[in-house]
Amino acid sequence: MIVDHIKNYQQYGFVNEDFEKVFDVLKTLDKTSPMGKIMIEEGRLWISIGEASERTSLAEFEAHKDFIDIHFLLSGKEEFGFANVDGLSVTIPYDPQNDVGFYKDNGISMILDQGYFCVVFPHDAHIPFKKKLGAQPLIRAVAKIKIK
């Protein structure tokens, strides 16, 4: 997992050859950006922008195998959960069609604030929007990067 402020995005181009393409778009977004999907490369690279609503159920960890996620907070502040997938118990087995599996047990929480992003890799189970903090709307961009 990588956590940093968007102003430092240029430091991470070496991690994946597609990071530059995605960060070129992410750095232009803010809380006034239109909700919806921005397609960069069909089936490989895209960004979804949306407003999170209050959770009505207990949050579970999710993890992906085919995509790297970059969660970028455009507005608000949240508690974001994460753990190594190897230390968790499976609640819903991995579904390759939707590239997601669900897990439970203990992890760690961090605060993700406006202007910050976190990169989650396949071994990083995560709970986005574990808890909303503060009064501002929670608006996020989530980039999906297909692993080659």
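Quantities reported herein were computed from a predicted structural model and do not represent experimental measurements.

## Re the nonpolar core
In terms of nonpolar packing, the biggest core is built from 23 residues, with L26, I70 and F117 touching the most fellow members. Listed by contribution, the elements that provide at least two residues to this core are α1 (19-26), β3 (45-51), β5 (67-75), β10 (116-120) and β12 (139-146). With residues near it in sequence (within four places) discarded, L26 still touches I6, I47, I70, F72, A141 and A143. A59, A63, Y103 and I127 belong to the second-largest nonpolar core, a separate cluster that totals nine residues.

## Thoughts on the pairing of strand β2 (residues 36-41)
Alignment of β2 against β3, held across five bridges, turns out to be antiparallel. Paired with M39 across the bridge in β3 is W46. Connecting the antiparallel pair β2 and β3 is a turn made up of three residues, with G43 showing a positive phi of about 75°.

## Here's the deal with the pairing of strand β1 (residues 2-5)
Side chains of β1 alternate between two faces, with I2 and D4 buried and V3 and H5 left unburied. Two elements, β1 and β10, share four bridges in a ladder whose sense is antiparallel. When the sheet's bridge partners are listed, D4 is paired in β10 with F117.

Quick notes on the rules
Residues numbered from 1 in each chain as written. Predicted model: local features only at pLDDT ≥ 70, side-chain atom pairs only at ≥ 80, totals over all residues. Heavy atoms only, no water. Core = buried A, V, L, I, M, F, W, Y, C linked by side-chain atoms within 4.5 Å. Buried < 20%, exposed > 50% of the residue type's maximum accessible area, 1.4 Å probe, protein only. Helix = DSSP H or I, 4+ residues; strand = E, 2+ residues; numbered from the N terminus. Contact = heavy atoms within 4.5 Å. Pairing = 2+ DSSP bridges.

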